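# A structural walkthrough
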Amino acid sequence: MRVLAFILAFALAACATAAPINTPLGGLRADVSGRAPVGDDLIVLALSGGGARAASFHLGVLQALRDTPGRDGRPLSEHIAMITSVSGGSVLAAYYAQHGDAGLDDFDAAYLARDWRVRGPGSPFGIAGAVRGGMNGPAQLADWLDENVYRGARMGDLGAGPRVVLNATDIYNSTPFAFTQFFFDGICSDVRQVRVADAVAASMAVPVAFRPVLIESYAPRCEGPPAWTARVLADRNAGENARQAARAFQNYRGDTRAAQRFVHLSDGGVADNLGLLSLQVMRAGDDAPSPLTAREALQARRVLFLVVNAEYVRPRTFQQEGADTIGAYEMMYSPLDVATDVAKRASLDAWRAALPAYEAALRDWRCGQPVNMRSADWRCEDIHLSMDVITFHDMTPEEYDALYDAPTLVSLPRETVDALVRAGRGVVGRNAALAALRPESR
């Protein structure tokens, strides 16, 4: 009977076809919107991946920001201009964008409290699905999220919370792919028509565990690749991530031998588990002041880029036990962990290093705006960018010892979720960069 089930599952998987989640661009071109941030202190959050582990920790951070007043007396959560996110961070970011601050009280029941089980290697359906690119397909990921979390919402329905950049990875071009109109322009598609659940599913489609999410390029509806791609490729000093993204956009438009009609999207953490690479691409390819909007760049005096990294630390048995050999299991995973960790640090360092140039570009852009856009006390040169990183190491020693190796599963035990949320709230209260935005710092 077990063999028969396996054969049936294999046959069904082999016959399955993937449907693109997007539609052609038509009519008014517009991006995913968000509520306007308040004040001249703005926050850009980057929420890492890491399943329910990350979502729980990030929830505590956002709740603490909501409960902490800024220098103007308004909650710090209302100063958030944008959230860029990956995987588990995207589950929360999208829900927050859909429901606003009230959603921070509902997210637990909507997602974290649910015992969401997915197919594993012990399931014949999982093994059969793996042959098609992932043990779990749309029914186990996107459709589950749509039914239980986002309730049919489209990207264009977001706006109660900050605008969000949900990040996935184009596994053909080895580039980030974000659910913003800038990236969807590359495939002549309308990001607002995509189901939120499909965007989040793409962001969290861990290879092998989940099948890649499929989007289609409608290149014949547009004239040639976006103009920025030729400019970036001609600039020998442009960053390599931006140059590779430009090549990807040309592939999407059929301007190369690749003629890439379909784009397969996997977990955003494959390219960058912190969601910063897409900001680098938008910064290089889009008009100033991207990735900030014109409204945000005009009102800001201080912009804090706050990266919240719920990194997973896999126990290293060979090191902890002082062994002089390393087992096959650890030899398989340890180099992958090292590559992921190094890539995250490189992404952080690249964005931090680029901030002075971005700050100068924002000053130039602001000072080039018409005089009638300026208030009497507004100075175009008065803008400053800074960056800080929150990690599990910012927990108390007791919290870190209890939680550092919490697994990156789609569901976690109640007590682990609660402890992660408490820890996330605690790190906000101890963070010096956020303390500088509170009333007592005036």
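Rules and cut-offs
- Residues numbered from 1 in each chain as written.
- Predicted model: local features only at pLDDT ≥ 70, side-chain atom pairs only at ≥ 80, totals over all residues.
- Heavy atoms only, no water.
- Helix = DSSP H or I, 4+ residues; strand = E, 2+ residues; numbered from the N terminus.
- Buried < 20%, exposed > 50% of the residue type's maximum accessible area, 1.4 Å probe, protein only.
- Contact = heavy atoms within 4.5 Å.
- Areas by Shrake-Rupley, 256 points an atom, 1.4 Å probe, with all protein chains shown as cover.
- 1 Å grid on protein atoms, 1.4 Å probe; cavity = no way out; pocket = protein on both sides within 12 Å on 5 of 7 lines; lining within 4 Å.
- Points joined across faces, edges and corners; volume = space filled by probe spheres on them.
- Expected span 1.5 Å × (residues − 1).
- Salt bridge = Lys/Arg side-chain N within 4 Å of Asp/Glu carboxyl O.
- Core = buried A, V, L, I, M, F, W, Y, C linked by side-chain atoms within 4.5 Å.
- pLDDT = per-residue confidence, 0-100.
- Pairing = 2+ DSSP bridges.

### Section: the overall build of the protein
- When helices and strands are counted, the protein shows 17 helices and 10 strands.
- Expressed as a percentage of the 442 residues in the protein, the buried residues total 53%.
- Once local pairs closer than 6 in sequence are excluded, the contacts in the protein between residues at least 24 apart make up 79%.
- Total accessible area computed for the protein in this model is approximately 19,100 Å², and 55% of it derives from carbon and sulfur atoms.

### What about the layout of surface pockets?
- Computed from the structure, the second largest pocket encloses a volume of approximately 500 Å³.
- Together, 28 residues line the second largest pocket, and Asp31, Arg163, Pro291, Leu292 and Thr293 are the ones closest to its centre.
- Secondary-structure elements contributing two or more residues to the lining of the second largest pocket are β4 (163-170), α7 (181-185) and α12 (294-299).

### Remarks on unusual backbone geometry
- Cis geometry marks the peptide bond from alanine 288 to proline 289, where omega comes out at 15 degrees.
- Relative to the assigned elements, proline 289 resides in the loop between α11 (277-285) and α12.
- Cis peptide bonds are those with omega within 30 degrees of zero, and the linkage from serine 290 to proline 291 qualifies with 15 degrees.
- Tracing the sequence through the fold places proline 291 in the loop between α11 and α12.
- Of note, serine 87 is a non-glycine position whose phi angle comes to about 50 degrees, a positive value.
- Inspection of the secondary structure assignment puts serine 87 in the loop between β2 (80-86) and α3 (88-99).
- With relative accessibility at 5%, the residue serine 87 sits in the buried group.

### Regarding α3
- Taking 1.5 Å of rise per residue, 12 residues should cover 16 Å, and α3 covers 17 Å from first to last C-alpha, within 8% of that figure.
- Counted residue by residue, α3 has 11 buried out of 12 residues, so it is predominantly covered.
- For α3, the full list of buried residues reads Gly88, Gly89, Ser90, Val91, Leu92, Ala93, Ala94, Tyr95, Tyr96, Ala97 and Gln98.
- Backbone geometry just downstream of α3 places glycine 100 in the positive-phi region, at approximately 70 degrees.

### A word on the pattern of salt bridges
- Applying the stated rule across the entire model yields 25 salt bridges.
- In this structure, the salt-bridge partner of aspartate 41 is arginine 302, at a minimum N-O distance of 2.4 Å. In this pair, aspartate 41 sits in strand β1 (residues 41-47) while arginine 302 sits in strand β9 (residues 302-309), placing the two residues 261 residues apart along the sequence.
- Looking at arginine 302, the relative accessible area reads 25%, which means it is partly exposed.
- Taken together, the salt bridges that share partners define one network made up of Asp40, Asp41, Arg71, Arg301, Arg302, Arg379, Glu381 and Asp382.

### Looking at the nonpolar core
- Judged by nonpolar contacts, the single largest core of 124 residues is most densely connected at Leu45, Tyr111, Leu145, Tyr150 and Phe179.
- No other element matches the 9 residues that helix α2 (residues 51-66) contributes to this core.
- In this structure tyrosine 111 touches Ala55, Val91, Trp116, Trp144, Leu145, Val149, Met204 and Val410, once residues within four positions along its chain are discounted.

### Observations regarding the side chain of glutamine 280
- As for its position among the elements, glutamine 280 is in helix α11.
- Beyond its immediate sequence surroundings of up to four residues, glutamine 280 is in contact with Asn241, Ser347, Ala350 and Trp351.

### Observations regarding the confidence of the model for the protein
- Residue-level pLDDT values for the protein average 89, and 88% of them are 70 or greater.
- In the model, residues 1-16 has pLDDT below 50 throughout and makes 12 contacts with residues more than four positions away in sequence or in other chains.

### Looking at the pairing of β4
- Of all 8 residues in β4, 8 are buried, a share of seventy percent or more.
- Here β4 shows a buried face lined by Arg163, Val165, Asn167 and Thr169 and a second buried face lined by Val164, Leu166, Ala168 and Asp170.
- With 5 bridges connecting them, β2 and β4 associate as parallel partners. Residue pairing for β4: serine 85 is matched across the bridge by leucine 166.
- For β4 and strand β5 (residues 175-178), the ladder comprises 4 bridges, and the chain directions are antiparallel. Bridge pairing in β5 places asparagine 167 opposite alanine 178.
- The antiparallel hairpin formed by β4 and β5 contains 4 residues in its connecting segment, where serine 174 sits at a positive phi of about 60 degrees.
- Inspection of the sheet shows β4 paired to strand β8 (residues 262-267) by 3 bridges, in the antiparallel sense. Following the sheet pairing, alanine 168 is matched in β8 by aspartate 267.

### Topic: the environment of proline 24
- Note that proline 24 resides in the loop between α1 (2-15) and β1.
- In the structure, proline 24 is positioned 169 residues away from glutamine 193 in sequence and 9.3 Å away in space, judged by C-alpha atoms.
- Ignoring sequence-local partners within four residues, the contact set of proline 24 consists of Cys188, Ser189, Asp190, Tyr218 and Arg221.

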